[in-house]
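The residues making up each chain are set out below.
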Amino acid sequence: MAHSCIHWFRKGLRLHDNPALMAALRDCKELYPVFILDPYLYNKASVGINRWRFLVGTLKDLDNSLRKLNSRLFVVRGKPEDVFPKLFNKWKVTKLTYEYDTEPYSLSRDKTVTTLAKEHGVDVIYKISHTLYDIERVIEENNGKTPLTYVKMQAILKSLGPPKKPIPAPTVEDMEDVKTASSEKHEKEHELPTLEELGHDTTDVFEEKFPGGEQEALRRLDEHMQRTGWVCSFEKPQTSPNSLSPSTTVLSPYVTFGCLSARTFWWRLTEVYQGKKHSDPPVSLHGQLLWREFFYTASVGIPNFNKMEGNSVCTQVDWDTNPEYLAAWREARTGFPYIDAIMTQLRQEGWIHHLARHSVACFLTRGDLYINWEEGQKVFEELLLDGDWALNAGNWQWLSASTFFHQFFRVYSPVAFGKKTDKNGDYIKKYLPFLKKFPAAYIYEPWKAPRSVQEAAGCIVGKDYPRPIVEHEVISKKNIQRMKAAYAKRSANASESPSKKQGVKRKQPAITDVMKKKEKKK
Ligand code: FAD
């Protein structure tokens, strides 16, 4: 039977390595590539202007690529459960395809849409391509227990073998018998979103450093993969949080929106590594993709993953409620130039280095301000181009020493840490130009500069730039004691992996066992 099919783009905003899209093309006569602007996901409070611009650019790029295949993107506004029944009827749909998404909201949304599809006689096909592995399968392989350490995760993945290889993008030939009905009316009804649409003030947008879209993702990937020496010697802890241009790939926004497939990224790295000496996980670039997989697995296996309460592996901490401190952190007014420069870069560019994220996350939580990590999570979700439900929650838990990482006594200094990689404070001068005339000796601690130096720099601390909101040396020691008390109260089994009820290791042998048996036979 030739189908009339909707392929529902959500994440996975690409043509390459898109198995659900390929499934849509099978026995298809009419294809409707759809993107839904779901107000639950796309609203002004949780999507900042930069991330919105990234999405708008990505959809434009996707539409362009589809048009080259004689198709187009249909952008639909509304809640998926309201939108789909109308589309099923209007386009006489018989098949719906999409990429599997593990976020709790997505799972419940997809369940509702699948029920509606069945009621309308529509077949539903979904495929896994957002992660390297089938996350449920990873948990099964560990006897239904969620791995809580990277080492455990590596052992499980070893037994599963390497991730699947990516598949190519559809070609004009693949689309030969497939039509997309498009009319003047469609153009208006399903037009691409605009920057203004979400209601942000678009008059002062910052320069777009990282434009959205699959084409840009693949270009950036190519560019990095040509630097074979850099790729092979990449060690994350050796990269700098405060270099003037990024010291890591900045592929995260593209992976988050699915403009770049994680498997494509993985296998391109494998090609570069081939026959060469190279770094290894956890510090290598392969290792970075495994961190992503690790946090995705944790997010699937641990209920209430983005919250402290009801999260069985998260240490329950008596965080303070302090709206003034929180606002000062969010608005880059803490009085610590290193912290304020990072928060400024975040707001302006939508991306900051991993260790910069460490610095500001530690500062907000256990290090200095003692504010709940969920508050930081919300700010990152709004401002990061790569804002990702699982990775944001997982990393915030790590940095606040709530889950995964327990060395709460190791605190980042908001003064000394940045100096290690930027003695002169050039990064601070770039993002906080009003401090640029401070000599290197005071750029991390301008409040210590004599009045004459402040006057010569044209910036008086307490008037033109705030004094530090806390005394780091004092407060961090006090906070360590508070964390110690929280840890003392932790239930004895808090660090135990939660089990998935039906999680039973499959009888089916792992690929590596099969390979070993084959070897033996030889
Ligand atoms: P590279 O070093 O070039 O790494 C390549 C890819 O590996 C990244 O693109 C990303 O997909 C993945 N990756 C790297 N580090 C991590 C990590 N620690 N955890 C998971 N995946 C990783 N990353 C997000 O993508 N979205 C988030 O919302 C997010 N929130 C974070 C919040 C905090 C508090 C912290 C400390 C980290 C967070 N990270 C998040 C993880 C990490 O900082 C970014 O993925 C990384 O900095 C992106 O830059 P890059 O692409 O240059 O990374």
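Residues numbered from 1 in each chain as written. Predicted model: local features only at pLDDT ≥ 70, side-chain atom pairs only at ≥ 80, totals over all residues. Heavy atoms only, no water.

## Details of the site of the ligand
Next up, step 1: Neighbouring the ligand are 30 residues; Thr 248, Thr 249, Val 250, His 354 and Asp 386 lie closest to it.
Next up, step 2: The separation between an oxygen atom of the ligand and a polar side-chain atom of Lys 236 is 2.9 Å.
Next up, step 3: Contact between the ligand and Asp 386: a nitrogen atom at 2.8 Å from a main-chain N or O atom of the residue.
Next up, step 4: If the ligand stood free it would expose 820 Å²; the protein chains cover 99% of that surface.
Next up, step 5: Looking at the shell around the ligand, the elements with two or more residues in it are α10 (252–256), α12 (285–301), α15 (354–367) and α17 (389–399).
Next up, step 6: At 6 residues, α12 tops the list of elements feeding residues into the shell around the ligand.
Next up, step 7: Classifying every residue of the shell around the ligand gives 15 nonpolar, 10 polar and 5 charged. (Near = heavy atom within 4 Å. Polar contact = N/O pair within 3.5 Å; in protein donor to acceptor, adjacent residues only side chain to side chain. Areas by Shrake-Rupley, 256 points an atom, 1.4 Å probe, with all protein chains shown as cover. Helix = DSSP H or I, 4+ residues; strand = E, 2+ residues; numbered from the N terminus. Nonpolar A, V, L, I, M, F, W, Y, C, P; charged D, E, K, R; others polar.)

## Details of the side chain of Glu 445
Next up, step 1: Topologically, Glu 445 is positioned in the loop between α20 (440–443) and α21 (451–457).
Next up, step 2: Glu 445 gets classed as buried once you look at its relative accessible area, which sits at 14%.
Next up, step 3: Those residues in contact with Glu 445, other than ones at most four positions away along the chain, are Val 415 and Lys 419. (Buried < 20%, exposed > 50% of the residue type's maximum accessible area, 1.4 Å probe, protein only. Contact = heavy atoms within 4.5 Å.)

## So, the pattern of salt bridges
Next up, step 1: By the definition in use, this model includes 25 salt bridges.
Next up, step 2: With a closest N to O distance of 3.2 Å, Asp 101 and Lys 11 form a salt bridge. Taken together, the residues span a long stretch of sequence, with Asp 101 in the loop between β4 (95–99) and α4 (104–119) and Lys 11 in the loop between β1 (3–9) and α1 (19–25) at a distance of 90 residues.
Next up, step 3: For Asp 101, a relative accessible area of 6% puts it in the buried group.
Next up, step 4: Given the relative accessible area of 18%, Lys 11 is considered buried.
Next up, step 5: With its nearest N and O atoms 2.8 Å apart, the salt bridge here joins Asp 386 to Arg 357. Residue Asp 386 is found in the loop between α16 (373–383) and α17, and its partner Arg 357 is found in helix α15; the two are separated by 29 residues along the sequence. (Salt bridge = Lys/Arg side-chain N within 4 Å of Asp/Glu carboxyl O.)

## A word on the environment of Val 205
Next up, step 1: Take Val 205: it is sitting in the loop between α7 (184–189) and α8 (214–226).
Next up, step 2: Excluding residues within four positions of it along the chain, Val 205 makes contact with Ile 49 and Arg 53.

## Looking at unusual backbone geometry
Next up, step 1: Looking along the chain, the bond that leaves Pro 281 and enters Pro 282 is cis, with omega of 5°.
Next up, step 2: Within the fold, Pro 282 resides in the loop between α11 (262–273) and α12.
Next up, step 3: Positive phi, normally seen in glycine, also occurs at Asp 17, with a value near 40°.

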